[in-house]
Amino acid sequence: MGLSEGFWHHEYWLPPGATWEDMKGTPYPQPQDLLLCIPGALLLIVVRYIFERTVALPVGRRLGVSDKLRPKVQPNATLEGFYVQLGRTPTEGDLISLAKQSDLPVKNVETWFRHRRAQDRPRLMKKFCEASWRFTFYLTSFFSALALLYDKPWFWDHTVCWLRFPQQPLPPALGWFYLLELSFYCSLVVTLPFDVKRKDFK
């Protein structure tokens, strides 16, 4: 048994007694359908870029969202090297050592690191634009799902979900909805390095 054949063996995917032969004639998703989430994710990234700049940004300004002025940090190669390589929050001993190396008072070094950390904090408008995009997508997908599912019997009675399982055809509209959701989360994975880091980001 080859790797692909073993991976798709019916015992792993279907209930006992059912085989892939039983699924013939029943339209159901194919593994290659998942590849559609790649162009879908790229398209959503483009839509997000346009949305944030043409919708979220003007709305944020209208609501009074603005970025606070942050003090500029004086260039200092010694302090910058420590900040990038060793840490954003030096200990008291590190501050004394850095003050000697930079020929600056300890208080000035401490202030430099505080202002440098402030520079790296995400801008309020950037956070607003990101949150607006996610809110808009989630709100739209929620009501789209309701429109797709409200007339389905298994939406109101979960026991109907298992009737004739696994010979259950997937409605095309619902299949596209699943692909849209998968594309959205794939797009978030792509933009993760550039998005605002949440507190649970490691």
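A quick note: this is a predicted structure, and the numbers were derived from the prediction, not measured. (Residues numbered from 1 in each chain as written. Predicted model: local features only at pLDDT ≥ 70, side-chain atom pairs only at ≥ 80, totals over all residues. Heavy atoms only, no water.)

Details of the nonpolar core
Core analysis: the biggest nonpolar cluster contains 11 residues, these being Leu44, Phe51, Ala56, Leu57, Val65, Met125, Cys129, Trp133, Phe137, Phe184 and Leu188. Secondary structure elements with two or more residues in this core: helix H3 (37-62), helix H7 (124-149) and helix H9 (172-191). Other than its neighbours up to four places away in sequence, cysteine 129 contacts Glu52, Ala56 and Leu57. (Core = buried A, V, L, I, M, F, W, Y, C linked by side-chain atoms within 4.5 Å. Buried < 20%, exposed > 50% of the residue type's maximum accessible area, 1.4 Å probe, protein only. Helix = DSSP H or I, 4+ residues; strand = E, 2+ residues; numbered from the N terminus. Contact = heavy atoms within 4.5 Å.)

What to know about a nonpolar patch on the surface
On the surface, Phe135, Leu139, Phe142, Phe143, Leu146, Tyr150, Phe155 and Trp156 cluster together to form a nonpolar patch covering roughly 900 Å² of accessible area. Of all the secondary-structure elements, those providing two or more residues to the nonpolar patch are H7 and helix H8 (153-156). Among the elements that make up the nonpolar patch, the one with the highest residue count is H7 (five residues). Residue position: phenylalanine 142 is located in helix H7. A residue is classified by how much of its surface remains accessible, and phenylalanine 142, at 46% relative accessible area, is partly exposed. (Patch = residues over 30% accessible without salt bridge, like charges linked within 9 Å, V, L, I, M, F, W, Y side chains within 5 Å. Areas by Shrake-Rupley, 256 points an atom, 1.4 Å probe, with all protein chains shown as cover. Salt bridge = Lys/Arg side-chain N within 4 Å of Asp/Glu carboxyl O.)

Details of the packing of H7 against H9
Here H7 crosses H9 at 165°, and the two axes come no closer than 11 Å. Between H7 and H9, the angle falls in the class roughly antiparallel. In this structure, H7 crosses over H9, and the sense of that crossing is left-handed. Contact residues: H7 offers Trp133, Arg134, Phe137, Tyr138, Ser141, Ser144, Ala145, Leu148 and Leu149, while H9 offers Ala173, Leu174, Phe177, Leu180, Glu181, Phe184, Tyr185 and Leu188. Taken together, the residues of the contact of H7 with H9 break down into 13 nonpolar, two polar and two charged. (Axes fitted to C-alpha atoms, helices over the stretch in contact; angles between N-to-C directions. Parallel < 35°, antiparallel > 145°, perpendicular 65-115°, else oblique. Left-handed = near helix turned anticlockwise from the far one by under 90°. Nonpolar A, V, L, I, M, F, W, Y, C, P; charged D, E, K, R; others polar.)

Brief notes about the side chain of threonine 191
By secondary structure assignment, the location of threonine 191 is in helix H9. With relative accessibility at 11%, the residue threonine 191 sits in the buried group. Within the structure, threonine 191 has its side chain in polar contact with the backbone oxygen of leucine 188 (distance 3.4 Å). Sequence-distant contacts of threonine 191, that is, excluding residues within four places in its chain, are made with Ile45 and Arg48. (Polar contact = N/O pair within 3.5 Å; in protein donor to acceptor, adjacent residues only side chain to side chain.)

Focus on helix H4 (residues 77-85)
Each turn of an α-helix holds 3.6 residues, which means side chains three or four residues apart point in the same direction. Listing the buried residues of H4 in full gives Leu79, Phe82 and Tyr83. Taken down its axis, H4 places every buried residue within 100° of arc, on the same side. For H4, the exposed residues lying more than 90 degrees away from the buried face are Ala77, Val84 and Gln85. Where H4 ends, the next residue or the one after it, glycine 87, has phi of about 155°, a positive value. (Arc of directions from axis to C-beta.)

Points about the confidence of the model for the protein chain
Counting all residues, the mean pLDDT for the protein chain is 85, and 97% of those residues have values of 70 or more. Across the protein chain, the element-wise mean pLDDT spans from 77 in helix H1 (residues 3-7) up to 94 in H3. (pLDDT = per-residue confidence, 0-100.)

What about the packing of aromatic side chains?
Evaluated as defined, the whole model comprises 13 aromatic pairs. With a centroid separation of 5.2 Å and an interplanar angle of 80°, the aromatic rings of phenylalanine 142 and phenylalanine 143 are classed as edge-to-face. Pairwise contacts between aromatic rings join Phe51, Trp133, Phe137, Tyr138, Phe184 and Tyr185 into one cluster. (Phe/Tyr/Trp six-rings, centres within 6.5 Å; stacked < 30°, edge-to-face > 60°.)

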